[in-house]
Amino acid sequence: MTLPYEVKNERRKENEVDKIFIDRWSPRAISNKDFTEKDLMTLFEAARWTASSSNIQPWRFLYAMHGTKDFDKYFDFLMEFNQMWTKNAGALIVLISKNNTANKEGKEVPDPMHSFSAGSALTSFLLQARIKNLVAHGMGGFDKDKAKKELNIPNDYTVEAMIAVGTQGNIEDLPERMQKSEKPNQRKPLKEIIMKGSFKKGWR
Ligand SMILES: Cc1cc2nc3c(=O)[nH]c(=O)nc-3n(C[C@H](O)[C@H](O)[C@H](O)COP(=O)(O)O)c2cc1C
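Residues numbered from 1 in each chain as written. Predicted model: local features only at pLDDT ≥ 70, side-chain atom pairs only at ≥ 80, totals over all residues. Heavy atoms only, no water.

**Q** Break down the side chain of Q168 for me, with residues and values.
**A** Assignment of secondary structure puts Q168 in strand β7 (residues 157-168). Note on Q168: relative accessible area 17%, which makes it buried. Polar contacts involving the side chain of Q168 include one to the main-chain amide nitrogen of Y5, which spans 2.9 Å. A distance of 3.4 Å separates a polar side-chain atom of Q168 from the backbone oxygen of N133. Among residues more than four places away in sequence, those in contact with Q168 are L3, P4, Y5, A29, S31, N133 and V135. (Helix = DSSP H or I, 4+ residues; strand = E, 2+ residues; numbered from the N terminus. Buried < 20%, exposed > 50% of the residue type's maximum accessible area, 1.4 Å probe, protein only. Polar contact = N/O pair within 3.5 Å; in protein donor to acceptor, adjacent residues only side chain to side chain. Contact = heavy atoms within 4.5 Å.)

Have a look at this one:
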């Protein structure tokens, strides 16, 4: 039995950085064994303290625990590829964000940063999962319209992403094609993603 975080991490940092940023990755070998709602609350707590534009906190998390009718409902939103590895997850989550916010006069006005802030909350959630040796994996591969309709999500919310979360599963239990990629992947070199001053011609 091989657990994801036992796999050799071949990521190499270019600069000093806390270990957690290199150690966090998105395994697909996921299990509901010993995963509790209390574990999940710790991850939501991390997300709760994320920075957001004007501290609006537009993120909302809908969730379903493994073995419930809601879990099966959430599972049906997922694309086939994601269904192949999430069926044993401890919980499935739908991350949504509120498009508007009340201004000082109590009038609803657009929050142009709502998706950006929700994405930041996802990162806090994922990092906290790794700190607790849990598996958390973000997913864009699902039917957002179906999720919106079946979960009665009002129109002034955007369906952003789903998350599978649980304890570490056995890599050998994954479909063969997924076993090969079950390890920390690499990143672009820093020189490709930073530029001092203005955007220079030829930069991609
Ligand atoms: C918003 C978002 C959507 C993603 N969608 C999927 C998905 O539908 N299926 C999947 O297997 N992985 C998905 N991933 C995982 C990414 O492929 C993964 O984060 C990326 O390859 C970087 O690898 P790492 O998270 O292991 O560092 C998603 C990640 C994010 C943040």
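**Q** Quick one: what's the story with the site of the ligand, residue by residue and with numbers?
**A** Contacts to the ligand come from 15 residues, most closely from R11, S26, R28, H137 and R187. In the environment of the ligand, a nitrogen atom lies 3.0 Å from a nitrogen or oxygen atom belonging to the backbone of G138. Between G140 and the ligand, the recorded distance is 2.8 Å, taken from a backbone N or O atom to a nitrogen atom. The fraction of the free accessible surface of the ligand (620 Å²) that becomes covered by protein chains is 66%. For the shell around the ligand, the elements supplying multiple residues, two or more each, are α4 (80-86) and β6 (135-139). Classifying every residue of the shell around the ligand by side-chain character gives 4 nonpolar, 7 polar and 4 charged. (Near = heavy atom within 4 Å. Areas by Shrake-Rupley, 256 points an atom, 1.4 Å probe, with all protein chains shown as cover. Nonpolar A, V, L, I, M, F, W, Y, C, P; charged D, E, K, R; others polar.)

**Q** So what about the environment of Q57? Which residues, and what values?
**A** Counting through the fold element by element, Q57 comes out in the loop between α2 (37-48) and β2 (59-65). For Q57 and K98, which are 41 residues apart along the polypeptide, the C-alpha to C-alpha distance reads 8.6 Å. If near-sequence neighbours (up to four positions away) are discounted, Q57 is found in contact with R48 and S52. Within the local environment of Q57, its side chain forms a polar contact with the backbone oxygen of N55, the two atoms lying 3.0 Å apart.

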